[in-house]
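Here are the chains, one letter per residue:
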Amino acid sequence: MMNDAWRATRLKYVTDVNTVVLPEQTDDNFEFVYIDIGNVTQGSMNTNDAPIRFSDAPSRARRLANPGDTVVSTVRTYLRAVATVSSHSEPLVFSTGFAVLSPRDEVHPRFLSWYLQGDEFVSRIEANSTGVSYPAITATQLTALDLRLPPYEEQRVIADYLDCEIARIDLLVQEQQCLIEMLRERRRSVASDLLGDRVGKGTRLKWLFDELDHRAGVEADRLPLMSVSISWGVRRRDEVTKEDSRAEDLSNYKICRQGDLVINRMRAFQGALGLAQENGLVSPDYAVIRAKTGVDDEWMSTVMKSDAFVSEMRQRVKGIGSTDLGNARTPRINVRDLGEIRIDLPEVEQQILEVRQQNTQTAKIDTLIAESERFVELSRERRAALITAAVTGQIDVREMV
C-alpha cells in the first residue's frame, strides 16, 4: 500500500518536455512510427511492418523522441495512446500531436510509462482536455498534473512487476485475437463451402436485382449514417467509430432500406458488402440493390460474399494498379459489370434451406467469437486495473515479486 515515502509532485518537476521539432528539410536517418493505439506499443503504420523513413512520413511527423522518452497523445486523448521509446532504439519521429516527456533522474523511465497508462491518470488527462470531436490537451497542461512517486527503487520494482504481468496478459490477448481472426476466416469460408458452386453458371445477376438510387433529400437529418465493411457488413457508422463523421450536407447520400444489399464499390473485390438491417444513409459511391421476387435477399448476399463470387468481382474491377496486390488506385466495380456475373438460382425453398444451413454453422462460430471477444475485454479491463493499482500503491507489489 502507498505510504508516507510516496511524495506528491507535479509531472513537470520530474520530466522535461522534449520540444525538438525537426525542420522540413531533414536527412532520412530517422524512422517514423505510430503508436499502436490500445496496445501501447510502437509500430510502423504500414501493413508490411517496413520502416517508414522521414521523407515518406506525413508532413506533421516532426516530433523527435529519444531512447527512454515517453510519448503521450495530446490530440484525441480518448485514444489513450502512450508508449516508451526503448532504450535500445534509435531516435524516432512522431506526429506533433504527441507530447514527448524525458524522465529526470528521480523517476524511473519504465515506471513513468506505466504511470501515464494508468486509468486514474489518463482520466485526468481526458478531464483537462478541451474540444468535442477532437479533445486535446497542451503539453503545459499535461505536465501540470500531479502524481505521487514512491522511492526510486520501489518504482523499479513496480515497473519490473508490471513488465512481467502485463506481458502475460498481452500474450493471452494476442492468442485470443489470433483465434478470433481464425474463427472469422472460418466464418467467411462457410459461404464459399456451401454456395461457392452456385457461381459462374446459370442466370446473369442483372436479371435478379434492381439497382436503387434514392437520394436522401429532406430525410438526411433523420436517418443514421451507415458504413460498409469487409468484417461486419452494414452497420451504423457511430457503432464502429467514435469520430464525428457526418458531413454538413448529406442530402445527396443514398437511402438504403432494411433488406437492401449495399456494396462498397471500392472494396467489393475484398467482400465489402452486406444487407442493411435498418433504413439509413450510405455514400453516393456505394451501390444499393434489391433482390427481385423469387430471390431471397439473404441468399443472394451470402452467395455474393463467397470466395468464388468475390473472385469474379475482382476480375471486373476498374482502376489503376493491381487488385491482387491490394494497391489499385480508386478501384471500383460498376453495377453493370456486376450484373454480368452468373449464379445458379434454385427455387426459393432451396434458397431458404441453404441460408438456414449457413446460419446454423455461422451461429456456432459466432458463439465462439463472442466468448473470445469477452475474454479479450475482461483481460484488457484486468490489464488497466492492474496498472492503476500498482502505480498508485493500491497493491504492494514488493510482496509479489
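Residues numbered from 1 in each chain as written. Predicted model: local features only at pLDDT ≥ 70, side-chain atom pairs only at ≥ 80, totals over all residues. Heavy atoms only, no water.

Colleague: Teacher, can you tell me more about the packing of aromatic side chains here?
Modeller: Taken as a whole, this structure holds 2 aromatic pairs when the rule is applied. With centroids separated by 6.0 Å and ring planes inclined at 40°, the aromatic side chains of F111 and Y115 adopt a geometry described as tilted. Pair noted here: F111 and Y115 are both in helix α2 (residues 109-117), with a separation of 4 residues, about one helical turn. Judged by relative accessible area, F111 falls into the buried class, the value being 1%. For Y115, a relative accessible area of 4% translates into the label buried. An aromatic cluster is present here, built from F111, Y115 and F121 joined pairwise through their rings. (Phe/Tyr/Trp six-rings, centres within 6.5 Å; stacked < 30°, edge-to-face > 60°. Helix = DSSP H or I, 4+ residues; strand = E, 2+ residues; numbered from the N terminus. Buried < 20%, exposed > 50% of the residue type's maximum accessible area, 1.4 Å probe, protein only.)

Colleague: Is there a simple way to think about the environment of A159 in this case?
Modeller: Within the element layout of this structure, A159 appears in helix α5 (residues 152-195). Once the C-alpha coordinates of A159 and H108 are considered, the two residues, 51 residues apart in sequence, prove to be 8.3 Å apart. In this view, A159 contacts R110, F111 and W114; residues no more than four positions away in its chain are not counted. (Contact = heavy atoms within 4.5 Å.)

Colleague: Where do I start with the packing of helix α6 (residues 297-304) against helix α9 (residues 348-391) in this structure?
Modeller: Helix-helix packing is characterised by the crossing angle of the two axes and by the distance between the axes. Across the interface, α6 lies against α9 with an axial gap of 9 Å and an inter-helix angle of 60°. Taken as axis vectors, α6 and α9 run oblique relative to one another. By crossing handedness, the relation of α6 to α9 is classed as left-handed. Contact residues: E298, W299 and T302 in α6; Q351, E354, V355, Q358 and N359 in α9. (Axes fitted to C-alpha atoms, helices over the stretch in contact; angles between N-to-C directions. Parallel < 35°, antiparallel > 145°, perpendicular 65-115°, else oblique. Left-handed = near helix turned anticlockwise from the far one by under 90°.)

Colleague: I would appreciate a short explanation of the pairing of strand β11 (residues 98-103) in the present structure.
Modeller: Residues in a regular strand project their side chains so that they alternate between the two faces of the sheet. Among the 6 residues of β11, 5 are classified as buried, and the element is accordingly described as predominantly covered. Pairing geometry for strand β2 (residues 15-17) and β11, over 3 bridges, is antiparallel. Of the residues in β11, the one forming a bridge with V17 is L101. Sheet topology places strand β8 (residues 70-73) next to β11; 4 bridges connect them, and they run antiparallel. Pairing of T70 across the sheet is with L101, part of β11. (Pairing = 2+ DSSP bridges.)

Colleague: It is not clear to me how the pattern of salt bridges should be interpreted in this structure. Could you clarify?
Modeller: Counted by the stated rule, this structure contains 29 salt bridges. Close ionic contact of R168 with E165 constitutes a salt bridge, the shortest N to O distance being 3.1 Å. Taken as a pair, R168 and E165 lie in helix α5 at a separation of 3 residues, close to a single helical turn. (Salt bridge = Lys/Arg side-chain N within 4 Å of Asp/Glu carboxyl O.)

Colleague: It is not clear to me how α2 should be interpreted in this structure. Could you clarify?
Modeller: Residue pairs spaced three or four apart in an α-helix point in one direction, given the helix's 3.6 residues per turn. Of all 9 residues in α2, 7 are buried; the element is thus mostly enclosed. Looking only at α2, the buried set comprises F111, L112, S113, W114, Y115, L116 and Q117.

Colleague: Looking at this structure, how should I read the sheet that holds β2?
Modeller: Through backbone hydrogen bonds, the strands of a sheet pair up, either in parallel or in antiparallel fashion. Taken together, 4 strands build an open sheet; the order of strands is β2-β11-β8-β9 and the sheet is antiparallel. Every interior strand has two partners, whereas the edge strands, β2 and β9 (82-84), have only one. Taking each pair of neighbouring strands and ignoring which way they run, the sheet shows an average axis angle of 25°.

Colleague: Where do I start with the packing of α2 against α9 in this structure?
Modeller: Taken N-terminus to C-terminus, the directions of α2 and α9 make an angle of 120°; their axes are 8 Å apart at the nearest point. Comparing their axes, α9 and α2 come out oblique. When you trace α2 past α9, the crossing you get is left-handed. Touching F111, W114, Y115 and Q117 of α2 are R383, I387 and V391, all from α9. When the residues that make up the contact of α2 with α9 are grouped by side-chain class, the tally is 5 nonpolar, 1 polar and 1 charged. (Nonpolar A, V, L, I, M, F, W, Y, C, P; charged D, E, K, R; others polar.)

Colleague: I keep staring at the nonpolar core and nothing clicks. Help me out?
Modeller: Membership of the largest hydrophobic core comes to 39 residues, with the highest contact counts inside it found for L11, F111, L116, F121, L142, I158 and L162. Going through the elements one at a time, α1 (11-14), β11, α2, α3 (119-127), β12 (146-149), α5 and α9 are the ones with two or more residues in this core. Sorting elements by how many residues they give to this core places α5 first, with 11 residues. Contact partners of L162, with chain neighbours within four places excluded, come to W114, A167, L386, I387, A390 and V391. Core analysis: the next-biggest nonpolar cluster, separate from the first, contains 26 residues, V295, V303, M313 and I333 among them. (Core = buried A, V, L, I, M, F, W, Y, C linked by side-chain atoms within 4.5 Å.)

Colleague: Help me understand the sheet that holds strand β18 (residues 261-263) in this model?
Modeller: Spatially, 4 strands are ordered β14-β21-β18-β19 in an open sheet, and the strand pairing comes out antiparallel. The strands lining the two open edges of the sheet, one partner per strand, are β14 (209-212) and β19 (273-275). Averaged over all pairs of adjacent strands, the angle between strand axes in this sheet comes to 25°, irrespective of strand direction. The pairing of β14 with strand β21 (residues 287-291) spans 4 bridges and is classified as antiparallel. Paired with D210 across the bridge in β21 is R290. Of the strands in this sheet, β14, β18, β19 and β21 are in contact with α6, which crosses β19 at around 165°.

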